[in-house]
Amino acid sequence: MSLTSVVAPSPAPETVAALVGERLSVSALHQLGGTLGGYSFVKVVVDREQAKIHFLNHARHSFHAIYIGEEILGVGEERVRAEIDSYNEAFYHAPDRRFLLGILALHPQMLSLETVEVDTMPAELIREFHAFVARYTDPSLPLLFKPANQLQERIVREIPASELPRVFAHELFSTAPFVALNPGTATGRVRAFRTEAEYRAATLDWTDIIVMDRVPDDIPRLAGIVNTRHTTPLSHTNVLATGWQIPNAVQLGALAEIERRGLDGKWVEYTVDAQALSLREVDEPADAAPPAWYAQRVTLEQPEAEHSPIVNLARLRASDRHRYGTKAANLGELHHVLAHGSQRLLGFYQVRGRRGTTCSPTWPACWTFPPTPTFRPRPAGCSTSTSACRAASPCRSRCNGGSWSRRRGSSRPSGS
């Protein structure tokens, strides 16, 4: 059972390509359109040459261009796809374009109209598009234009709101009852917390699906997240959920729904997709084996936080990772290798830094490689399968950064 559901008429059959030249009712919107992020939507095409509007049947035509080609221009899908760049240029960038393309979405008590993100529609076409579509939508629902990119946002802000009703993405986001932050499916135990104090007092496990208003940034790795208030898509917890590949969503009213269904502490199958969030009660698994990441935990060194003065990156080595972090320590180690060379890390070659008159004055050093080594046949009697060696004397001399040896199987490069 979905936490968000819309009672809507049956979808229009695929034999119906679009509703053309007629007013779009809310019922027809549900029949023709799809659902994304909890909102019903329908694709719109305005033919300026014919002064006609087309509301596309999403089940039959997922793309504006294919619909225009097949249903208006009489061009087959295969040809449209083969020449899609020229069609896109005409549809989304031409100043004298014939067609205006957009998406109409149903929100609580209003409709929003927007173009695709790449559309460079100028102010006069935006006004025309909004006015034309408004004549064919339910008059009880105000139609607001939603800018799809920064160019359109700048254009819209210069038009008086009385002439062009508008709504911005952040305003819609703050009112959306459902937002899919990271789609996926997981099986786990619901843990609902109404306050952070309740959360701090609990012990969480890898099987838990946490449900709360604002999920703390220090959450341990678990099975899923349900945010019952809005959070930004790039918040720390959302980045974690994406990296962990666990389902994560915003669902207003989730705490009340979980309480009504008595799901707190129960095992569920938690699914997030583009349309909705669902919690389906299941039996507790008899043998819930911990995942690999849980069984193979990594123990980190205790960080040094009291005495870590700011130093030049070149002075850091890999052993400083507990004081300055792994990234900084590794960069310092790399700087050391480039400055002093390393037979172990660089293998056959050494990189040496030198200053010279040919160096750019803005560079602290020039990095040069020694000339390509001369390969010579392996000396007779050396115990190795390598067929060539850069050597000055039999066996014990340097060979590509290593040494030959008469001992069986001993051809390990020196310094490794």
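Up top is the structure.
Now for a look at the structure at hand.

1. A look at the sheet that holds strand β11 (residues 224–227)
Reading across the sheet, the seven strands line up as β8-β12-β11-β10-β9-β13-β14 and stay open at both edges, with mixed pairing between neighbours. Strands at the two margins of the open sheet, each flanked by one partner only, are β8 (178–182) and β14 (277–281). Taken over all neighbouring pairs, the strand axes of this sheet differ in orientation by 30° on average, direction set aside. Of the strand pairs in this sheet, β8 and strand β12 (residues 248–251) are connected by four bridges, and their pairing is antiparallel. The partner of A180 across the bridge, within β12, is A249.

2. Quick word on the pairing of strand β13 (residues 267–272)
Among the six residues that make up β13, five are buried, leaving the element largely enclosed by the rest of the structure. Relative to β13, strand β9 (residues 184–192) is paired through six bridges, and the arrangement is antiparallel. Note on β13: the bridge partner recorded for G188 is V268. Pairing geometry for β13 and β14, over five bridges, is antiparallel. Residue pairing in the sheet places T271 in a bridge with S278 of β14. In textbook terms, the turn of a hairpin is the stretch between consecutive antiparallel strands, and for β13 and β14 this stretch comprises four residues.

3. Thoughts on the nonpolar core
In a soluble, globular protein the nonpolar side chains are often hidden away together inside. Residues L24, F55, L104 and V133 are the most contacted members of the largest nonpolar core, which totals 30 residues. At the level of secondary structure, the elements contributing two or more residues to this core comprise α1 (26–32), β3 (39–47), β4 (52–56), β5 (99–107), β6 (110–114), α5 (123–134), β7 (143–145) and α6 (150–157). In terms of residues, this core owes the most to one element, α5, which gives five residues. Setting aside anything within four residues of it in sequence, one finds L24 in contact with L19, L29, L32, V42, F55, L104, Y136, T137 and D138.

4. Considering the pattern of salt bridges
Per the stated rule, a full pass over the model turns up 20 salt bridges. A salt bridge links R260 to E257; the shortest N-O distance between them is 2.7 Å. Here E257 and R260 lie together in helix α10 (residues 254–261), a separation of three residues that amounts to about one turn. The closest approach of N and O atoms between E333 and R317, which form a salt bridge, is 2.9 Å.

5. Let's talk about empty space enclosed by the protein
If you walk through the whole model with that rule in mind, you get one cavity of 30 Å³ or more. Counted as a void, the largest cavity has a volume near 30 Å³. Taken together, L24, S25, V26, L29, L104, L111, T137, D138 and L141 make up the full set of residues lining the largest cavity. Here the residues of the lining of the largest cavity sort into six nonpolar, two polar and one charged.

6. Some details on a nonpolar patch on the surface
Residues L313, L331, L334 and L338 make up a contiguous nonpolar surface patch of roughly 320 Å² in combined accessible area. Along the chain, L331 falls in helix α13 (residues 326–340). L331 gets classed as partly exposed once you look at its relative accessible area, which sits at 42%.

7. Overview of the pairing of β4
The buried count for β4 comes to four of five residues, which makes it a mostly enclosed element. Sheet topology places β3 next to β4; four bridges connect them, and they run antiparallel. Paired with V44 across the strands is F55, a residue of β4. Here β3 folds back onto β4 in antiparallel fashion, the turn holding four residues, of which A51 has a positive phi close to 50°.

8. Examining the packing of aromatic side chains
Two measures describe an aromatic ring pair: the distance that separates the ring centres and the angle between the ring planes. Scanning the entire structure with this criterion turns up four aromatic pairs. Ring centres 5.9 Å apart and planes at 80° place the aromatic pair F91 and F99 in the edge-to-face group. Look at F91 and you get buried, because its relative accessible area is 4%. Given a relative accessible area of 4%, F99 falls into the buried group. With 5.6 Å between their ring centres and 25° between their planes, F132 and Y136 make a pair best called stacked. Grouping residues by exposure puts F132 and Y136 together as buried. Clustering of aromatic rings is evident, with ring pairs tying together Y87, F91 and F99. Positioned above the aromatic ring of F132 is the side chain of R135, whose terminal nitrogen or guanidinium carbon lies 4.6 Å from the ring centre. Over the aromatic face of F168 sits the side chain of R157, whose NZ or CZ is 4.3 Å from the ring centroid.

Parameters and conventions
- Residues numbered from 1 in each chain as written.
- Predicted model: local features only at pLDDT ≥ 70, side-chain atom pairs only at ≥ 80, totals over all residues.
- Heavy atoms only, no water.
- Pairing = 2+ DSSP bridges.
- Helix = DSSP H or I, 4+ residues; strand = E, 2+ residues; numbered from the N terminus.
- Axes fitted to C-alpha atoms, helices over the stretch in contact; angles between N-to-C directions.
- Buried < 20%, exposed > 50% of the residue type's maximum accessible area, 1.4 Å probe, protein only.
- Core = buried A, V, L, I, M, F, W, Y, C linked by side-chain atoms within 4.5 Å.
- Contact = heavy atoms within 4.5 Å.
- Salt bridge = Lys/Arg side-chain N within 4 Å of Asp/Glu carboxyl O.
- 1 Å grid on protein atoms, 1.4 Å probe; cavity = no way out; pocket = protein on both sides within 12 Å on 5 of 7 lines; lining within 4 Å.
- Points joined across faces, edges and corners; volume = space filled by probe spheres on them.
- Nonpolar A, V, L, I, M, F, W, Y, C, P; charged D, E, K, R; others polar.
- Patch = residues over 30% accessible without salt bridge, like charges linked within 9 Å, V, L, I, M, F, W, Y side chains within 5 Å.
- Areas by Shrake-Rupley, 256 points an atom, 1.4 Å probe, with all protein chains shown as cover.
- Phe/Tyr/Trp six-rings, centres within 6.5 Å; stacked < 30°, edge-to-face > 60°.
- Lys NZ or Arg CZ within 6 Å of the ring centre and 35° of its normal.

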